[in-house]
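Below are the chains, spelled out letter by letter.
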Amino acid sequence: MLKLKTEEEVALMKENAILVSKTLALVGRMVAPGVTTRELNDAAEEYIRANGAEPSFLGYNGYPYALCISVNNIVVHGFPSGYRLKEGDIVSVDCGTKMKGFNGDSAYTFPVGNISEENKLLLEVTKQSLYKGIEAARSGNRIGDIGHAVQQYVEGYGYSVVRELVGHGIGRCMHESPEVPNYGVAGRGKKLLPGMVICIEPMVNAGKKEVYILDDGWSVTTRDMRNSAHFELTVHITEGAPEVLSTFEFIENKNVEL
Ligand code: MF3
Ligand code: CO
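Peer 1: Lay out the side chain of Asn119 with the relevant residues and their values.
Peer 2: Following the sequence through the fold, Asn119 ends up in helix H3 (residues 117-135). Non-local contacts of Asn119, meaning those with residues more than four positions away in its chain, are made with Gly88, Ile90 and Asn227.

Here's what the structure looks like:
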């Protein structure tokens, strides 16, 4: 199902996107050594509900929490737990909301206290690769142009792009057509059209691209146990420049009220 959105629908999606963005910022402001990932999850769930939305991940295909919280070598879909964050960790937080019939979905990888230069570069390159993907998300371009832009940038640093998990269309359902891989060939794949709303979400491994799923049935880890980062934004394809519905502004500008 590939549904083009009307302006009215995009406006409702933007409300979700902003709530997700603010929730991520709330969590980001809590991230510190000693905090458990369960505390982050619970604060996010409370905030989402207080703002009149549902945490869309909870119960999705049986997923048991409001957030996915993935520390260090965990790529995505990590379970919140009693694990206490420690200085030097990197922690990916992925959040989804549903209200007014539409979904929001975004993710950010936070440093815990002071992190190594190696980890700083991994976070910076992964976030920049998302912006490279967004630049390619223009009407008339194709899905492969997005993946190509992300992959090209990431591999230039000797990092690798996860293949098994991809970005996606979003709307009344969290996952809609088309799939948006973070790798690909320029000029290939479905044409991007005004009214499409997609989530671009590079998952970037410091080492090799291979991953596997842990015994909990969800947590995806790098096979080589090196770290991985993940950033995700929701993007509306227009006649002109892509309109990014979610934002890292609340995270990166700590003075903004939530
Ligand atoms: N946020 C993920 C995505 O970007 C989905 C989370 S999986 C869930 O596609 F099961 F937790 F919902
Ligand atoms: Co997503």
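Peer 1: Break down the site of ligand 1 for me, with residues and values.
Peer 2: Surrounding ligand 1, one finds 13 residues, the nearest of these being Phe57, Asp94, Asp105, His175 and Glu201. Measuring from a nitrogen atom of ligand 1, one finds a side-chain N or O atom of Asp94 at 2.8 Å. Here Glu232 contributes a side-chain N or O atom positioned 3.2 Å from an oxygen atom of ligand 1. Protein chains bury 95% of the 330 Å² of accessible surface belonging to ligand 1 in isolation. Grouping the amino acids of the shell around ligand 1 by side-chain chemistry returns 6 nonpolar, 3 polar and 4 charged.

Peer 1: Give me the lowdown on the coordination of the cobalt ion (ligand 2), citing residues and values where you can.
Peer 2: Bound to the cobalt ion (ligand 2) are the protein donor atoms Asp105 (OD), His168 (NE2), Glu201 (OE) and Glu232 (OE), situated 2.0 to 2.3 Å from the metal. Classification of the site at the cobalt ion (ligand 2) rests on its 6 donor atoms, whose angles at the metal span 46 to 175°, yielding the label irregular. On the primary sequence, the residues serving as donors to the cobalt ion (ligand 2) are separated as D-x62-H-x32-E-x30-E. Placement of His168 in strand E7 (residues 167-169) and of Glu201 in the loop between strand E9 (197-200) and strand E10 (203-205) is noted, with a sequence separation of 33 residues between them. We classify Glu201 as buried; its relative accessible area is 7%.

Rules of the game
- Residues numbered from 1 in each chain as written.
- Chains lettered and ligands numbered in written order.
- Predicted model: local features only at pLDDT ≥ 70, side-chain atom pairs only at ≥ 80, totals over all residues.
- Heavy atoms only, no water.
- Helix = DSSP H or I, 4+ residues; strand = E, 2+ residues; numbered from the N terminus.
- Contact = heavy atoms within 4.5 Å.
- Near = heavy atom within 4 Å.
- Polar contact = N/O pair within 3.5 Å; in protein donor to acceptor, adjacent residues only side chain to side chain.
- Areas by Shrake-Rupley, 256 points an atom, 1.4 Å probe, with all protein chains shown as cover.
- Nonpolar A, V, L, I, M, F, W, Y, C, P; charged D, E, K, R; others polar.
- Donors = N, O, S within 2.8 Å, 3.2 Å for Na, K, Ca; no water.
- Tetrahedral: all angles 85-135°; square planar, octahedral: opposite > 155°, others 65-115°.
- Buried < 20%, exposed > 50% of the residue type's maximum accessible area, 1.4 Å probe, protein only.

None of this, on its own, says anything about what the molecule does.
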